[in-house]
Amino acid sequence: MSVAVRGLTRRFGPTAALRDIALETRPGEFVALLGPSGSGKTTLLRILAGLDFADSGTVEIEGQDMSAVPARARRLGFVFQNYALFRHMSVFENVAFGLRVRPRAARPGEAEIGRRVRALLERMQIGALERRMPEQISGGQRQRVALARALAIEPRLLLLDEPFGALDAEVRKGLRRWLRDLHTEMGLTSLFVTHDQEEALELADRVAVMEAGRLVQIDTPERLVEAPATAFVAGFLGHAARLPGRLAEGALHFGGVPLPPLPRAALRAAPAQDGPVLAFIRAHEWAVAPAPEGEANATLRSQRPAGGHAHVELDLAGHVIEAEAPLGLLRVGQPCRLVPQTARAFAA
Amino acid sequence: MTPSTTEPRGLRWLLILLAALLLGVFLLLPLAAVFTEALRRGWPPMWQALSDPDALAAIRLTLLVAAIAVPVNTLGGLAGAWCIARYRFPGRALLLALIELPFSVSPVVSGLVWVLLFGAHGWFGPWLEARGLQIIFAVPGLVLATLFVTFPFVARTLVPLMQEQGREAEEAAATLGASGWQSFRRVTLPGIRWALLSGVLLCNARAMGEFGAVSVVSGHIRGETNTMPLHVEILYNEYQFVGAFAVAALLALLALVTLGAKALVERGTARGAAA
Amino acid sequence: MTPRRRDPLPGFGLSLGVTLLWLLGLVLIPLLALLLRPLELGPAGFWHSVTEPRVLAALRLSFLGALAAAAATVPPGLLVAWVLVRYRFPGRRLLDGMVDLPFALPTAVAGLALTALYAPNGWLGAPLAALGLKVAYTPLGVVLAMAFVGLPFIVRTVEPVLRDLPREAEEAAATLGASRAQTLWRVVLPALAPALLAGFAMAAARAIGEYGSVIFIAGNMPMVSEIAPLLIVVRLEQFDYAGAAAVGVAMLALSFLLLLALNLVQRLWRRA
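Cut-off values and rules
- Residues numbered from 1 in each chain as written.
- Chains lettered and ligands numbered in written order.
- Predicted model: local features only at pLDDT ≥ 70, side-chain atom pairs only at ≥ 80, totals over all residues.
- Heavy atoms only, no water.
- Pairing = 2+ DSSP bridges.
- Helix = DSSP H or I, 4+ residues; strand = E, 2+ residues; numbered from the N terminus.
- Contact = heavy atoms within 4.5 Å.
- Axes fitted to C-alpha atoms, helices over the stretch in contact; angles between N-to-C directions.
- Domains from an automatic or database assignment.
- Buried area = accessible area lost by both parts, 1.4 Å probe.
- 1 Å grid on protein atoms, 1.4 Å probe; cavity = no way out; pocket = protein on both sides within 12 Å on 5 of 7 lines; lining within 4 Å.
- Points joined across faces, edges and corners; volume = space filled by probe spheres on them.
- Nonpolar A, V, L, I, M, F, W, Y, C, P; charged D, E, K, R; others polar.
- UniProt positions renumbered as here; feature names shortened; annotations may be inferred.
- Salt bridge = Lys/Arg side-chain N within 4 Å of Asp/Glu carboxyl O.
- Polar contact = N/O pair within 3.5 Å; in protein donor to acceptor, adjacent residues only side chain to side chain.
- Buried < 20%, exposed > 50% of the residue type's maximum accessible area, 1.4 Å probe, protein only.

**So, the sheet that holds strand E2 (residues 15–25) of chain A**
All names here are of chain A.
Consideration 1: With antiparallel pairing, the four strands of this open sheet are ordered in space as E2-E1-E4-E5. Looking at which strands have only one partner, the edges of the open sheet turn out to be E2 and strand E5 (64–65).
Consideration 2: Looking at chain direction, strand E4 (residues 56–61) and E5 are connected through two bridges and run antiparallel. Note on E5: the bridge partner recorded for glutamate 60 is aspartate 65.
Consideration 3: Helix H1 (residues 41–49) contacts strand E1 (3–12), E2 and E4 of the sheet and is inclined by roughly 120 degrees relative to E1.

**A closer look at the domain arrangement of chain A**
Residues and elements named next belong to chain A.
Consideration 1: When the domains of chain A are assigned, the result is domain 1 (3–228) and domain 2 (239–347).
Consideration 2: The C-alpha centroid of domain 2 is placed 41 Å from the C-alpha centroid of domain 1.
Consideration 3: Contacts between domain 1 and domain 2 engage four residues on the former and five residues on the latter.
Consideration 4: Here domain 1 meets domain 2 over a buried area of about 340 Å², counting both sides, of which 38% is carbon and sulfur.
Consideration 5: When the buried surface of domain 1 facing domain 2 is broken down by residue, Val225, Glu226 and Pro228 rank first, second and third, together holding 84% of it.

**What about the pairing of E1 of chain A?**
All names here are of chain A.
Consideration 1: One ladder, built from five bridges, connects E1 with E4; its direction is antiparallel. Among the inter-strand pairings, threonine 9 is bridged to a residue of E4, identified as serine 56.
Consideration 2: When E1 meets E2, the two strands line up antiparallel, connected through seven bridges. Bridging across to E2, phenylalanine 12 finds its partner in threonine 15.
Consideration 3: Taking the residues between adjacent antiparallel strands as the criterion, E1 and E2 are bridged by two residues, where glycine 13 takes a positive phi near 60 degrees.

**Some thoughts on the sheet that holds strand E11 (residues 240–248) of chain A**
Residue and element names in this part refer to chain A.
Consideration 1: Taken together, five strands build an open sheet; the order of strands is E13-E12-E11-E14-E20 and the sheet is antiparallel. At either end of the open sheet lies a strand with only one pairing partner, and these are strand E13 (262–263) and strand E20 (344–347).
Consideration 2: As paired strands, E11 and strand E12 (residues 251–253) are joined by three bridges and run antiparallel to one another. Bridge pairing in E12 places arginine 246 opposite histidine 253.

**Examining empty space enclosed by the protein**
Consideration 1: Enumeration over the complete set of coordinates arrives at two cavities of 30 Å³ or more.
Consideration 2: Approximately 40 Å³ is the volume found for the largest cavity.
Consideration 3: What lines the largest cavity is Thr62, Val65, Thr146, Ala207, Met208, Glu210, Val214, Thr227 and Pro229 of chain B.
Consideration 4: Listing elements by their share of the lining of the largest cavity, those giving two or more residues are helix H3 (53–86) and helix H10 (180–209) of chain B.
Consideration 5: Residue composition of the lining of the largest cavity, by class: five nonpolar, three polar and one charged.
Consideration 6: Approximately 40 Å³ is the volume found for the second largest cavity.
Consideration 7: Lining the second largest cavity we find Ser104, Val105 and Ser106 of chain B together with Ala205, Ile208, Gly209, Met251, Leu252 and Ser255 of chain C.

**Quick look at the UniProt feature "domain: ABC transmembrane type-1" (unreviewed entry) in chain B**
Consideration 1: UniProt annotation of "domain: ABC transmembrane type-1" (unreviewed entry) refers to residues 59–260 of chain B when read in the numbering used here.
Consideration 2: Between the end C-alpha atoms of residues 59–260 of chain B there is a gap of 21 Å, over a span that is 76% helix and 0% strand.

**Quick word on the UniProt feature "domain: ABC transporter" (unreviewed entry) in chain A**
Consideration 1: When the UniProt feature table is mapped to this numbering, "domain: ABC transporter" (unreviewed entry) covers residues 3–237 of chain A.
Consideration 2: Here residues 3–237 of chain A runs as 35% helix and 26% strand, with 25 Å between its end C-alpha atoms.

**Some thoughts on the interface of chain B and chain C**
Consideration 1: With 89 residues of chain B at the contact, the number on the chain C side is 85 residues.
Consideration 2: The tally of links between chain B and chain C comes to one salt bridge.
Consideration 3: The shortest N-O distance in the salt bridge between lysine 262 of chain B and aspartate 100 of chain C comes to 3.3 Å.
Consideration 4: Here the element with the most residues in the side of chain B that touches chain C is helix H1 (residues 9–38) of chain B; it accounts for 22 residues.
Consideration 5: Considering only residue class, the side of chain B that touches chain C consists of 61 nonpolar, 18 polar and ten charged.

**Here's the deal with the domain arrangement of chain B**
Residues and elements named next belong to chain B.
Consideration 1: Under the domain assignment, chain B is made up of domain 1 (1–38) and domain 2 (43–274).
Consideration 2: Measuring from the centre of the C-alpha atoms in domain 1 to the corresponding centre in domain 2 gives 32 Å.
Consideration 3: In this assembly, five residues from domain 1 lie in contact with nine residues from domain 2.
Consideration 4: The junction of domain 1 with domain 2 conceals about 600 Å² of combined surface from both sides, 86% of it contributed by carbon and sulfur atoms.
Consideration 5: The largest per-residue losses of area from domain 1 upon contact with domain 2 belong to Val34, Phe35 and Ala38, which jointly make up 68% of the total buried on that side.
Consideration 6: The tally of links between domain 1 and domain 2 comes to zero residue pairs in polar contact (both at pLDDT 80 or more).
Consideration 7: Taken together, the residues that form the side of domain 1 that touches domain 2 break down as four nonpolar, no polar and one charged.

**Some details on unusual backbone geometry**
Consideration 1: Even without glycine at this site, glutamate 162 of chain A takes up a positive phi of about 45 degrees.
Consideration 2: Looking at the element boundaries, glutamate 162 of chain A is found in the loop between strand E7 (157–161) and helix H5 (169–185).
Consideration 3: Residue glutamate 162 of chain A is classed as buried on the basis of its relative accessible area of 7%.
Consideration 4: Even without being a glycine, tyrosine 239 of chain B presents a positive backbone phi close to 60 degrees.
Consideration 5: Residue position: tyrosine 239 of chain B is located in the loop between helix H12 (228–237) and helix H13 (241–274).
Consideration 6: For tyrosine 239 of chain B, a relative accessible area of 66% translates into the label exposed.

**Points about the interface of chain B and chain A**
Consideration 1: Across the boundary between the two partners, chain B contributes 20 residues, which contact 23 residues of chain A.
Consideration 2: Around 1900 Å² of area is buried between chain B and chain A when both sides are counted, 61% of it from carbon and sulfur atoms.
Consideration 3: Contact with chain A buries surface across chain B, with Thr175, Leu176 and Arg186 of chain B losing the most and accounting together for 34% of the total.
Consideration 4: The interface formed by chain B and chain A contains one salt bridge.
Consideration 5: Salt-bridge contacts for arginine 46 of chain A lead to glutamate 171 of chain B; the nearest nitrogen and oxygen are separated by 2.7 Å.
Consideration 6: On inspection of chain B and its partner chain A, the count reaches four residue pairs in polar contact (both at pLDDT 80 or more).
Consideration 7: If you list the elements that add at least two residues to the side of chain B that touches chain A, you get helix H9 (168–175), H10 and H13 of chain B.
Consideration 8: Considering every element that reaches the side of chain B that touches chain A, the biggest residue donor is H9 of chain B, with seven residues.
Consideration 9: Residue composition of the side of chain B that touches chain A, grouped by class: eleven nonpolar, five polar and four charged.

Written out as structure tokens, the structure reads:
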């Protein structure tokens, strides 16, 4: 099951929700659409499902152009953010809906419908709920019903809009892993929308990062973290300090902050041209040590243990910097010396 | 100790009593007067008044007019509510305001407009007369006047509910392969059935009870163009009080049944929402 | 190709078409006939037609009577809404159902019933007459009938607002040292004011055009207790279509002026 999107643009009045989107997925892939709210990810998902239409560009599914295919003929599973369960139908009837509305010739018999629905409910671990109404079950259970309903039509592609958005943190963690397993076991191709980077990085084979209607980078989680393509991706993924600087004479100079320059060779990414840049430095990319008054450039604001080390927050000339330090090395209020080991620089 | 956000017990009961007394005297007593007057001489004269051929004709005519007007306005109201609540388009608010317009028009004017169109001196009056078609002072006029006054009921009860429900359920049905008709029949209609029923009940009560609008277009021909409310007026003006109040009592009963049914429907809605 | 015009939910064209046809045929064209008919009188003729003393008296009674009736129903309407929303007591559901009675009761039945009740020999009319108060066949009777049909509007517009009013606001006022009366006056009543005004507007708009419940009790004495809708009927009986339409247009104009004025008040209120 493959999807190919080319040159997709969608405008709502004067604002462009999607600009020239290109995206290809491979069969069996689990792809996340990640971005802040308003970046266009839900619009893209809705266009794939046929619930919205692009102003220009094409959507192909399994090589077939979708522009003339209405939503009901696309056979895609769509899980809505708030599930959109049919309130007046039992769990069983919700899941059976897609089978019951098939044309008579393709419609399975009553016994077959029952068998398939029950099998799906079992698989979703909600077999006992089939007679309940949507209002009578929990949020996590509704999520599973919505998923079962979408899967009942044996979709070519599963689309999920913020699948965990309406759930509390505990339920969310458990469902995440379960969904990943389900995807693998059932051999699905899935696309899901999220604004939670942790969720995207943990679940997806590849993550497409969206910013203001553009798809800025699509890559594996590892590549995204290691080699962000733009300042936006670097800032959005991983908790990095963001400092203004300048590339000149073979090194990165931090203008307003009391940090030593970093030679180009130490940088993980940098534009070829010299000039003003934005530098991103992650917590583990700092070296911190206590220092006497004259050599110190930062003060420790707070610390808390995290695993085998301490997670510390320092005040660096007004910037709050997060870093890692050995446990018990530092005291709150202590002057320290903070030195970046590496950085990623993007032209500003 | 009285909680700070309510009134002392004594005052509370005083207010409840006052409200009950008020509604009792102001609303219930008139109703009681109708039944009392109808039964002033006992049951037989009342039955006689109701089984009078003219009264029976009036009852039949009222049922006929409602049987035409209510379905038409139900279908129109469904269509109107569907496009207003499910799509965004310029002029949506204006459309809703226009649909509600008949509520702010006097019943007499609601009848008058049809006379201006189809009456003997109306726009199309001479044309119709030349072809021997009669609308005013005939059943079609009664139906049209009733259609006008009951126009907004169904759309008005449906629009707020459907706007609140949003269109996600229908979108979900579309992704699951349902056609427009399947989606309407299996998803939309069951979701609004109680509100629809409530709107139809109100529409029907008004259709059967309308007086001003039909009085203008009726011509008051006994046995032919007299609906029940008009029959009440004729009997009253002829000082046949028992007869007038007997028919009035029947109409009042219809109102009570409507209110009861509406209460049941609303309980159904509440249960549907809680289920 | 204009793919943007498409919508995943089918039926927009059909439903809009049906709606427009329904609206045009049953409401807009008839109202157009009403608006155009008085044109044949000419401006002077129209003015003369609606300023005839008998017409003016009738319009005044319908308009001022409606305002008086709507104003008179505000306090009892507020009381009933308050009791129904805030208190739990046996028979509450019954009381609640009774409020809708004027909505459901055919207007002619209401008119007949009120007349029987308030006539000089009626259950309430006799004791009131003994006190020297004549209700039926006077303008007071007209206002009473208008109040009867208007009461549910006040109750039903205030009720939902009162129900959604957060108790916390009242509790906060109490913790800030306000007495119960102060809380009601300064916190609850201002919050209800827009709903009260809206209810007042709906009750008044309904009462201006009210016919069935009024004509039986009014007595219909020209210049005294004759309402504007009755004049339309009178003129129609004389085949004076244009004159009847002129009164209809005048009534419509009065209702819209009223609604417009109240809308304006509400808007100023919100800005203040």
